[in-house]
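Structural overview for review
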Amino acid sequence: MGLLDILLGRTKPVAPDLDQLFALPSAAVTLQATAGFTPTGTGAVCFATVEGAAFEQTHREVQALLDADSDRGGLPVELRRDDYGYSWLVSARSPEQLPELVNDLHAVNSALEINGFGPQLLCSLAAFTDDDGRKLALVYLYKRGTFYPFAPLPGAAERRDNALELQVKAALANDLRIEQDLGRWFPVWGAPGL
């Protein structure tokens, strides 16, 4: 960072640290103990929609790699588009296979990054639920290298359970690198598994 950057208030972007995803299984233990949420087995990687042969080839390679896993339970890896125009590569595992799900998310992010699609990566998430049917996602912001909780309220209206999100933030402060700027806790309406 140069003197001109300091004077103009520019900051150097945080480099993505995909290894932060491997903290999710231990955070899940804390989340279950403090708030009663357990993994659903669903996770996804969100990216800006990309067209073209290079992306299609990368998508086929990633899907073939993850679908080849003989221990996979549930649905195969699939590509979905949401109502906002973003693409989601979704992995489904059994709820007790969170470490394997994290490996899937890491592999998808890494493959997209290695093949030149890093700038299109937006976030990854792992879905959780509790005995009352409330839903929660732990969202990893690719460009910030941080996590935040997202808790949609049930029903058709796009509303969030802000109190639950702040409770989860406090509970996981020692387990995950939590995004401190609440303005960056973007809603992920229509995310797979929520």
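Look up a bit, the structure's there.
The following refers to the structure shown. Everything numeric in this text was worked out from a predicted model, so none of it was measured.

Our next topic: the pattern of salt bridges. Using the criterion set out here, one finds six salt bridges in the structure. With a closest N to O distance of 3.6 Å, Asp181 and Arg184 form a salt bridge. Look at Asp181 and you get partly exposed, because its relative accessible area is 38%.

Turning next to the nonpolar core. By size, the foremost hydrophobic cluster in this structure holds 54 residues, and its most contacted members are Leu31, Trp88, Phe128, Leu176 and Val188. When residues in this core are grouped by element, the largest group, eight residues, is from helix α4 (residues 98–117).

With 12 residues, helix α2 (residues 24–35) extends 15 Å between its outermost C-alpha atoms, agreeing within 8% with the 16 Å of an ideal straight helix rising 1.5 Å per residue. Among all positions of α2, only Leu24, Ala27, Ala28, Thr30, Leu31 and Ala35 are buried. Buried residues in α2, looked at end-on, bunch into an arc of 165°, giving them a common side. Seen from the buried face of α2, the exposed residues on the opposite side, beyond 90 degrees, are Val29 and Ala33. On its buried face, α2 is in contact with β1 (38–48), α4, β4 (121–129), β5 (135–141), β6 (146–150) and α5 (162–171). Of the residues flanking the end of α2, it is Gly36, one or two places downstream, whose phi is positive at about 80°.

Next up on the list: the packing of α2 against α5. At a closest axis distance of 10 Å, the pairing of α2 and α5 adopts a crossing angle of 125°. Relative to α5, α2 is oriented oblique. When you trace α2 past α5, the crossing you get is right-handed. Between α2, through Thr30, Leu31, Thr34 and Ala35, and α5, the contact on the second element is made entirely by Gln167, Val168 and Ala171. Looking at the contact of α2 with α5 residue by residue, the classes come out as four nonpolar, three polar and no charged.

A few words now on the packing of helix α3 (residues 53–67) against α4. Remark: α3 packs on α4, axes separated minimally by 10 Å, with the N-to-C direction vectors making an angle of 155°. In terms of orientation, α3 and α4 fall into the roughly antiparallel class. α4 is crossed by α3, and the crossing has right-handed handedness. Touching Ala54, Phe55, Thr58, Val62 and Leu66 of α3 are Asp104, Ala107, Val108, Ala111, Leu112, Asn115 and Phe117, all from α4.

Of all seven residues in strand β3 (residues 86–92), six are buried, a share of seventy percent or more. Examined bridge by bridge, β1 and β3 share seven bridges and lie antiparallel to one another. Residue pairing across strands places Gly43 opposite Ser91, the latter belonging to β3. Two elements, strand β2 (residues 78–81) and β3, share four bridges in a ladder whose sense is antiparallel. The residue bridging Arg80 from the neighbouring strand is Trp88, located in β3. Hairpin remark: β2 followed by β3, antiparallel, with four residues in the connecting loop; positive phi at Gly85, about 90°.

Let us look at the packing of aromatic side chains. Here the structure, examined in full by the defined rule, presents three aromatic pairs. Ring centres of Tyr140 and Phe147 lie 5.1 Å apart, and the angle between their planes is 55°; on these two criteria the pair is classed as tilted. For the pair Tyr140 and Phe147, one class covers both residues: buried. Ring geometry for Tyr148 against Trp185: centres 6.0 Å apart, planes inclined by 20°, an arrangement best described as stacked. Remark: Trp185 occurs in the segment after α5 and Tyr148 occurs in strand β6; sequence separation between them is 37 residues. Of the residues examined, Trp185 reaches a relative accessible area of 5% and is grouped as buried.

What counts as what
- Residues numbered from 1 in each chain as written.
- Predicted model: local features only at pLDDT ≥ 70, side-chain atom pairs only at ≥ 80, totals over all residues.
- Heavy atoms only, no water.
- Salt bridge = Lys/Arg side-chain N within 4 Å of Asp/Glu carboxyl O.
- Buried < 20%, exposed > 50% of the residue type's maximum accessible area, 1.4 Å probe, protein only.
- Core = buried A, V, L, I, M, F, W, Y, C linked by side-chain atoms within 4.5 Å.
- Helix = DSSP H or I, 4+ residues; strand = E, 2+ residues; numbered from the N terminus.
- Expected span 1.5 Å × (residues − 1).
- Arc of directions from axis to C-beta.
- Contact = heavy atoms within 4.5 Å.
- Axes fitted to C-alpha atoms, helices over the stretch in contact; angles between N-to-C directions.
- Parallel < 35°, antiparallel > 145°, perpendicular 65-115°, else oblique.
- Left-handed = near helix turned anticlockwise from the far one by under 90°.
- Nonpolar A, V, L, I, M, F, W, Y, C, P; charged D, E, K, R; others polar.
- Pairing = 2+ DSSP bridges.
- Phe/Tyr/Trp six-rings, centres within 6.5 Å; stacked < 30°, edge-to-face > 60°.

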